[in-house]
Amino acid sequence: MSHTVALPGTDLRVFPLNLGGNAFGWTADEAASHAILDAYAHTGGNFIDTADVYSAWVPGNWGGESEAILGSWWGALPAHRREGMVIATKVGRLEPHSGLRSADILAAACASLDRLRTETIDLLYLHFDDEDVPVEEQVQACCDLVKRGHARYIGLSNYSPQRMRSFLSAARGTEAAPVAIQPHYNLLHRRHYEQALRPLAREYHASVFPYYPLASGVLTGKFRRPEDAAGTARESATAGLLTEEVRGVLDTLERLAALHDAAPATIALAWLRAKGIAAPIASVSRPEQLPDLMAVAETVLSPSEVTQLDAASQPFA
């Protein structure tokens, strides 16, 4: 596959834009979600991320909607179109199997398999740590999942650096050795990942797939003032982000975007790729929003351009 990158410690190759499924069942209904998935796959995308708890926050939803929508699309694909596709999901937050006790991890994974209409999950994340459960129990549960064939590889999301190190250490050399981490990381949220998590990812050779790479849409340039986000699904997420320091980052993004004949979102994603990120996770609500994200596969920033963005975003480092 063109433009794909190999993930260390696996036989997976993924497109450098990880399509987020959090919009499925939220800002995109089933028909729109299927259109997005079709457009993503048609233009070379092969890496889709979701979670069992998506989108429980929507009034009238219970969780599992995103996986079910993805599963209905996946189940209708002919076998040849499934080849090379990589599906990632996350467990640990959806009742009645929230938490990371062994029984809950197994039951949650099986429920995800049913909704996704697949026999194995390519990359299964523990979504949030459960500090009431020893990491040794979590590791053993993940080993069991891999041995059963329910998951091929394991990842971690939203663990403290200390607990993540404990898990990575305990799992080293086992079937549950995490091959990926999923942190919050973008030009406006640098400090935690760069100082605390990036060293772990490098030490344990884990690929990194950050969520919120566009800061809930702020780095697209669409939201420069609070009123720009008023009434949108991103209104609460962008609150407090529209400061002078943020506008300085946006000015640099827009200047570099003009030089590349690209969108600011493309440049923000390209900066992440220049920082060693394998595939940022980004979602859309309509297929026509995809091209700016997919363009990251062909957009390479010069060292000088990366330095300019580093400097503009230094207040967040």
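Everything that follows concerns the structure shown earlier in this document.
Summary of the structure given here. (Residues numbered from 1 in each chain as written. Predicted model: local features only at pLDDT ≥ 70, side-chain atom pairs only at ≥ 80, totals over all residues. Heavy atoms only, no water.)

To continue, consider the sheet that holds strand β6 (residues 121-126). Read from one edge of the open sheet, eight strands run β9-β8-β7-β6-β5-β4-β3-β10, paired in parallel fashion. At either margin of the open sheet sits one strand with a lone partner, and together these are β9 (207-208) and β10 (281-282). Sheet topology note: the strand β3 (residues 18-20)/β10 ladder contains two bridges and is parallel. Looking at the pairing, L19 lines up with A282 of β10. (Pairing = 2+ DSSP bridges. Helix = DSSP H or I, 4+ residues; strand = E, 2+ residues; numbered from the N terminus.)

The subject of this paragraph is the nonpolar core. Grouped together as the largest cluster of nonpolar side chains are 99 residues, with contacts concentrated most on F209 and L219. With near-sequence residues (within four places) excluded, L219 lies in contact with N186, L187, L188, P213, L214, V249, L250, L253, P264, A265 and A268. (Core = buried A, V, L, I, M, F, W, Y, C linked by side-chain atoms within 4.5 Å. Buried < 20%, exposed > 50% of the residue type's maximum accessible area, 1.4 Å probe, protein only. Contact = heavy atoms within 4.5 Å.)

Bringing helix α6 (residues 161-171) into the picture now. Residues three or four positions apart in an α-helix share a direction because the helix packs 3.6 residues into each turn. Taken residue by residue, α6 has P161, R163, M164, F167, L168 and A171 as its buried positions. Taken end-on, α6 shows its buried residues confined to a sector of 165°, consistent with a single buried face. As for α6, its buried residues are in contact with β6, α5 (135-148), β7 (151-157), β8 (180-182) and α7 (191-203). At the exit of α6 stands G173, carrying a positive phi of roughly 85°. (Arc of directions from axis to C-beta.)

Among the structural elements, H127 can be located in the loop between β6 and α5. Not counting the four nearest positions on each side in its chain, H127 is found in contact with A51, V53, Y54, K90, V91, R93, S157 and N158.

Now for the pairing of strand β5 (residues 86-91). Taking burial as the measure, the six residues of β5 include six buried ones, the bulk of the element. Alternating residues of β5 divide into V86, A88 and K90 and I87, T89 and V91, and every residue in both groups is buried. Two elements, strand β4 (residues 47-49) and β5, share three bridges in a ladder whose sense is parallel. Each bridged residue has a counterpart across the sheet, and for F47 the counterpart in β5 is V86. Pairing of β5 with β6 involves four bridges; the strand directions are parallel. Note that in β6 the partner of V91 across the bridge is L126.

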